[in-house]
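# Structural features, examined
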Amino acid sequence: MVLSKKRARKVLEEIIALFPDAKPSLDFTNHFELLVAVMLSAQTTDAAVNKATPGLFAAFPTPQAMSVATEGEIASHISHLGLYRNKAKFLKKCAQQLLDDFDGQVPQTREELESLAGVGRKTANVVMSVGFGIPAFAVDTHVERICKHHDIVKKSATPLEVEKRIMDILPPEQWLAAHQAMIYFGRAICHPKNPECDQYPQLYDFSNL
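If you check an unreviewed UniProt entry, the protein chain appears there as Endonuclease III from Streptococcus mitis. Taken from UniProt, the Catalytic activity (unreviewed entry) comment for the protein chain reads in full: "2'-deoxyribonucleotide-(2'-deoxyribose 5'-phosphate)-2'-deoxyribonucleotide-DNA = a 3'-end 2'-deoxyribonucleotide-(2,3-dehydro-2,3-deoxyribose 5'-phosphate)-DNA + a 5'-end 5'-phospho-2'-deoxyribonucleoside-DNA + H(+)".

### A closer look at the overall build of the protein chain
In terms of regular secondary structure, the protein chain is built from 11 helices and zero strands. For 209 residues, the compact-globule estimate of 2.2 N^0.38 gives 17 Å, and the protein chain sits close to it at 18 Å. Relative to its full complement of 209 residues, the protein chain shows a buried share of 46%. In the protein chain, of all internal contacts separated by at least 6 residues, the share reaching a separation of at least 24 is 62%. Within the structure as shown, the protein chain displays about 10,500 Å² of accessible surface, and the carbon and sulfur contribution to it stands at 53%. Positive and negative charge centroids in the protein chain, built from 23 and 24 side chains respectively, lie 6 Å apart.

### A word on the environment of H179
On the secondary structure map, H179 appears in helix 11 (residues 175–188). For H179, a relative accessible area of 7% puts it in the buried group. Measuring from C-alpha to C-alpha, the distance between H179 and N30 comes to 20 Å, with 149 residues separating the pair along the chain. With near-sequence residues (within four places) excluded, H179 lies in contact with V126, F137, A138, D140 and V143. A polar contact is formed between the side chain of H179 and the backbone oxygen of A138, at a distance of 2.8 Å.

### Quick look at the layout of surface pockets
Quantified by volume, the largest pocket comes out at close to 740 Å³. Mapped by element, the contributors of at least two residues to the lining of the largest pocket are helix 2 (31–40), helix 6 (84–102), helix 8 (121–132), helix 9 (141–149) and helix 11. Sort the elements by how many residues they give to the lining of the largest pocket and helix 8 lands first, with five residues. Its residues placed into classes, the lining of the largest pocket shows 15 nonpolar, 13 polar and six charged. Each of domain 1 (5–22 + 137–203) and domain 2 (31–132) contributes no fewer than three residues to the lining of the largest pocket.

### Considerations on the packing of aromatic side chains
On inspection of all chains with the given rule, the structure shows one aromatic pair. Summarising the aromatic geometry, the rings of F19 and Y184 are spaced 6.0 Å apart at their centres and angled 40 degrees between planes, so their arrangement reads as tilted. With F19 in the loop between helix 1 (5–18) and helix 2 and Y184 in helix 11, the pair connects residues that are 165 residues apart, well separated along the chain. F19 gets classed as buried once you look at its relative accessible area, which sits at 19%. Accessibility expressed as a relative area gives 27% for Y184, which makes it partly exposed. Lying across the ring of F90, K89 places its NZ or CZ 5.9 Å from the centre. The side chain of R187 reaches across the aromatic face of Y184, ending 6.0 Å from its centre.

### Points about helix 10 (residues 159–169)
The complete set of buried residues in helix 10 reads V162, E163, R165, I166 and I169. Along the long axis of helix 10, the arc covered by the buried residues comes to 165 degrees, so they all point the same way. Check the buried side of helix 10 and you find it contacts helix 1, helix 7 (110–114), helix 8, helix 9 and helix 11.

### Comments concerning the UniProt feature "domain: HhH-GPD" (unreviewed entry) in the protein chain
UniProt records the feature "domain: HhH-GPD" (unreviewed entry) at residues 40–188, using the numbering of this structure. Between the end C-alpha atoms of residues 40–188 the distance is 22 Å, and the span holds 66% helix and 0% strand.

### Considerations on the domain arrangement of the protein chain
When its domains are assigned, the protein chain resolves into domain 1 (5–22 + 137–203) and domain 2 (31–132). Computed from C-alpha atoms alone, the centre-to-centre distance between domain 1 and domain 2 is 27 Å. Tallying the contact residues gives 10 residues for domain 1 and eight residues for domain 2. Taken together, both faces of the contact between domain 1 and domain 2 bury some 620 Å²; the carbon and sulfur share is 54%. When the buried area of domain 1 at its contact with domain 2 is split by residue, A138, E163 and L176 rank highest and sum to 49% of it.

Conventions we followed
- Residues numbered from 1 in each chain as written.
- Predicted model: local features only at pLDDT ≥ 70, side-chain atom pairs only at ≥ 80, totals over all residues.
- Heavy atoms only, no water.
- UniProt positions renumbered as here; feature names shortened; annotations may be inferred.
- Helix = DSSP H or I, 4+ residues; strand = E, 2+ residues; numbered from the N terminus.
- Rg over C-alpha atoms; globule rule 2.2 N^0.38 Å.
- Buried < 20%, exposed > 50% of the residue type's maximum accessible area, 1.4 Å probe, protein only.
- Contact = heavy atoms within 4.5 Å.
- Areas by Shrake-Rupley, 256 points an atom, 1.4 Å probe, with all protein chains shown as cover.
- Lys, Arg positive; Asp, Glu negative; His and termini not counted.
- Charge placed at Lys NZ, Arg CZ, Asp CG, Glu CD.
- Polar contact = N/O pair within 3.5 Å; in protein donor to acceptor, adjacent residues only side chain to side chain.
- 1 Å grid on protein atoms, 1.4 Å probe; cavity = no way out; pocket = protein on both sides within 12 Å on 5 of 7 lines; lining within 4 Å.
- Points joined across faces, edges and corners; volume = space filled by probe spheres on them.
- Nonpolar A, V, L, I, M, F, W, Y, C, P; charged D, E, K, R; others polar.
- Domains from an automatic or database assignment.
- Phe/Tyr/Trp six-rings, centres within 6.5 Å; stacked < 30°, edge-to-face > 60°.
- Lys NZ or Arg CZ within 6 Å of the ring centre and 35° of its normal.
- Arc of directions from axis to C-beta.
- Buried area = accessible area lost by both parts, 1.4 Å probe.

In structure tokens:
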């Protein structure tokens, strides 16, 4: 049974309250580095990405530098990450697209971001919200699992349905905070196996609603 909008909002706001200072765990210093880091984070932990990116960014600090590198040169810096060969191919092509289509700058709209090689809706949403402060809500594995475990969405919901449900429940100014808090909540409490959510009764206290 999916929670009502009021109850779902209560659960989400309690998760935000548990991790009020949650910040992005990927390391980056500019929009290009953020885009690359988020692309690399697919099916890989942020911690693993953060180990790989210092060398990668030192070798290829700009789209120009990355575009002229070979896929093998890029791959050598990310070989400990999942799907690294595909990611190296996407990074090289994406860097060239940034030069050709966007004057070497990372675009700000979802449509433009999704036109880049290797960039899907989740990556675009992270870059928009974290990089540019544009309201967007990214759905990763933590977010999807939490929303289904806590009946915020139905068990069969797609990532896009999860995204739309959260955006309907929370005001835009809370989307980024919710995304970041849910990542921490998913890592620390709402595990894939043996979740410990029942130790936080405030999540389920709907007495004032």
